[in-house]
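# Structural characterization, general
One-letter residues, chain by chain:
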Amino acid sequence: MILKKIPIFVNINIYVFFNKENMENKEKGELSRVPQYLSFDNTVLQRAYQSDSILLRDIIVYILNKKQKNLFEEYSFSLTEFCREMGYEKTNLQRTKPEFMNVTQRNKNILPVVDNHVFDGIFEHALYRGLKENIIISRKGEKDIEFRSYRVIEELRVEYDRETKKDVKRVYTIKLAKELLENLFKEYFLIDYLDYKSIKASKVSLIGSYRNFYIFMAQMIAVSQKGKDDNYTYIVSVDKLTEVLSLNSEESPRKKKQDIKSILDKLKDIVENTKFNYEFVKNGDRYAYWVEFSFSEGVKNYFNEKSKAIFFKKLWTECEIIFLREVEKINVGSRATGEYIKTKEYRLKFIEWFLSSDMIKDKENLFKRIYYQVYGVHYLKSDISFDDLPC
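Residues numbered from 1 in each chain as written. Predicted model: local features only at pLDDT ≥ 70, side-chain atom pairs only at ≥ 80, totals over all residues. Heavy atoms only, no water.

### Description of the overall build of the chain
- Helix and strand content of the chain: 17 helices and 14 strands.
- Looking at the chain residue by residue over its 391 residues, the buried ones come to 44%.
- For the chain, the share of sequence-separated contacts (at least 6 apart) that also reach a separation of at least 24 residues comes to 62%.
- Carbon and sulfur atoms make up 49% of the accessible area of the chain, which totals about 21,600 Å². (Helix = DSSP H or I, 4+ residues; strand = E, 2+ residues; numbered from the N terminus. Buried < 20%, exposed > 50% of the residue type's maximum accessible area, 1.4 Å probe, protein only. Contact = heavy atoms within 4.5 Å. Areas by Shrake-Rupley, 256 points an atom, 1.4 Å probe, with all protein chains shown as cover.)

As structure tokens, then:
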């Protein structure tokens, strides 16, 4: 353990204990936020997009990671950049989907075409479905259940290389749904982005299954962090893991256990910052058809943003005050305002403004002021970067 004295807020000095292992992990890792419902409801994308859900989930994780680093600007990327980062072969994602390969004049209406832009490639067809079709998420209360529906992609811009005189697709700018972007600040789990994208396999379907489990594991870590006992564990049924990993549910329990063990052993060798242990347990049943997961204190500490979470919460709150006063022109403290900010109309309008370059100077000044409040030192760079935020 290292004892270090650092200033927090204006006239307060606090002694903070830093775990050496945790500090080293944060230097080589990269925490990223994902919507909680991707972990709680691991089939939410699959129900809507079937096989395209694998690519769409990776697109969501990829863009949320980039947006978290630069909240106030759009992010554009090429297919080459996406494939290099997420572990895909570019030529595979450019290929025409099998169902569109032998289209004739007679059945050409099955082609997804918008304003002469044909979305028949594997990558672009996933984007097309994200634009066109809704997911349905649910929220259970004590006496009811609420369902919400929205498209995961709100807007897509494709830029071409006009110098070649061909419509060669070059750069994509994707605007995710505001409901998704809100999960950068509320109802999110943390994953290690480097671990996530390092998970690869021989088939895209296997990559999807393994990464689906990795996001599912995010809730295990979050729950483990709240356990009063340092040795707190998380127990999952074999049947649930069969679903998460897209295994054959008709197989015998013994075969399911064998397949699950094989996959978990592979993942243990792949991940660097999300080390976990597991064992099959009875959990009160006759047979050991449950899996008990455990995480070291180093891992649980690593998945704790601490100061960074405080920073984002303060930034969100302070920006809301600016938005209400300067944009909406309403009294912040009134009862009517309190009711208004609970509405979906307000929430979506605020997220649109918050994640834009509108009033960027005010937002930059606020960034620097909150940085000093949270970390106790002045932010000295001329251009702000959310990559500079310590955990």
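### Points about the packing of aromatic side chains
- Overall, the coordinates contain 42 aromatic pairs when judged by the stated rule.
- Pairing Phe323 with Trp353 gives two aromatic rings, centres 5.3 Å apart and planes at 40 degrees, and the pair type is tilted. In this pair, Phe323 sits in helix H14 (residues 307-327) while Trp353 sits in helix H16 (residues 344-354), placing the two residues 30 residues apart along the sequence.
- Residue Phe323 is classed as buried on the basis of its relative accessible area, which comes to 2%.
- Judged by relative accessible area, which is 6%, Trp353 ranks as buried. (Phe/Tyr/Trp six-rings, centres within 6.5 Å; stacked < 30°, edge-to-face > 60°.)

### Some points on unusual backbone geometry
- Phi angles above zero are rare outside glycine, and Asn283 is one such case at about 50 degrees.
- Given the relative accessible area of 41%, Asn283 is considered partly exposed.
- Although it is not a glycine, Lys306 sits at a positive phi angle of roughly 50 degrees.
- Mapped onto the secondary structure, Lys306 falls in the loop between helix H13 (297-302) and H14.

### Section: H16
- Among the residues of H16, those classed as buried are Tyr346, Arg347, Leu348, Phe350, Ile351, Trp353 and Phe354.
- The elements touched by buried residues of H16 are strand S8 (145-151), helix H8 (178-181), H14, helix H15 (335-340) and helix H17 (360-375).

### What to know about the nonpolar core
- Ranked by internal contacts, the top residues of the largest apolar core, which has 106 residues, are Phe82, Phe213, Phe293, Phe311 and Phe354.
- Looking at which element gives the most residues to this core, the answer is helix H10 (residues 204-226), with ten residues.
- For Phe82, the contacting residues outside a window of four places in its chain are Leu55, Asp58, Ile59, Tyr62, Phe77, Tyr88, Leu93 and Phe123. (Core = buried A, V, L, I, M, F, W, Y, C linked by side-chain atoms within 4.5 Å.)

### Section: the side chain of Lys67
- Its location among the elements puts Lys67 in helix H4 (residues 53-69).
- It turns out Lys67 is buried and unbridged, and the closest side chain with the opposite charge, Glu74, is 7.4 Å from it.
- Not counting residues within four places of it along the chain, the set of residues in contact with Lys67 comprises Glu73, Glu74, Leu181, Leu184 and Leu355. (Lys, Arg positive; Asp, Glu negative; His and termini not counted. Salt bridge = Lys/Arg side-chain N within 4 Å of Asp/Glu carboxyl O.)

### Details of the environment of Ile341
- If you trace the backbone, Ile341 turns up in the loop between H15 and H16.
- Spatially, the C-alpha atom of Ile341 lies 9.3 Å from that of Leu324, the residues being 17 residues apart in sequence.
- Filtering out sequence-adjacent residues up to four positions away, Ile341 remains in contact with Leu324 and Tyr346.

### Description of the environment of Phe293
- With respect to the helices and strands, Phe293 occurs in strand S14 (residues 290-294).
- On the accessibility criterion, Phe293 (0% relative accessible area) is buried.
- Sequence separation of Phe293 and Ile235 is 58 residues, and the distance between their C-alpha atoms is 6.2 Å.
- The residues contacting Phe293, other than those within four sequence positions of it, are Phe213, Met220, Thr233, Tyr234, Val236, Leu241, Leu264, Phe276, Asn277 and Tyr278.

### Digging into the sheet that holds strand S13 (residues 277-281)
- If you trace the three strands from one edge of the open sheet to the other, you get S12-S14-S13, paired in antiparallel fashion. Lying at the two open borders of the sheet, with one neighbouring strand each, are strand S12 (234-237) and S13. Taking each pair of neighbouring strands and ignoring which way they run, the sheet shows an average axis angle of 25 degrees.
- Bridging between S12 and S14 involves four bridges; their strand directions are antiparallel. Paired with Ile235 across the two strands is Glu292, which belongs to S14.
- The strands that H10 touches are S12 and S14; relative to S12, the one it contacts most, it runs at about 140 degrees.
- Along the sheet, helix H12 (residues 253-270) makes contact with S13 and S14, crossing S13 at roughly 170 degrees. (Pairing = 2+ DSSP bridges. Axes fitted to C-alpha atoms, helices over the stretch in contact; angles between N-to-C directions.)

In short, geometric facts, not functional conclusions.
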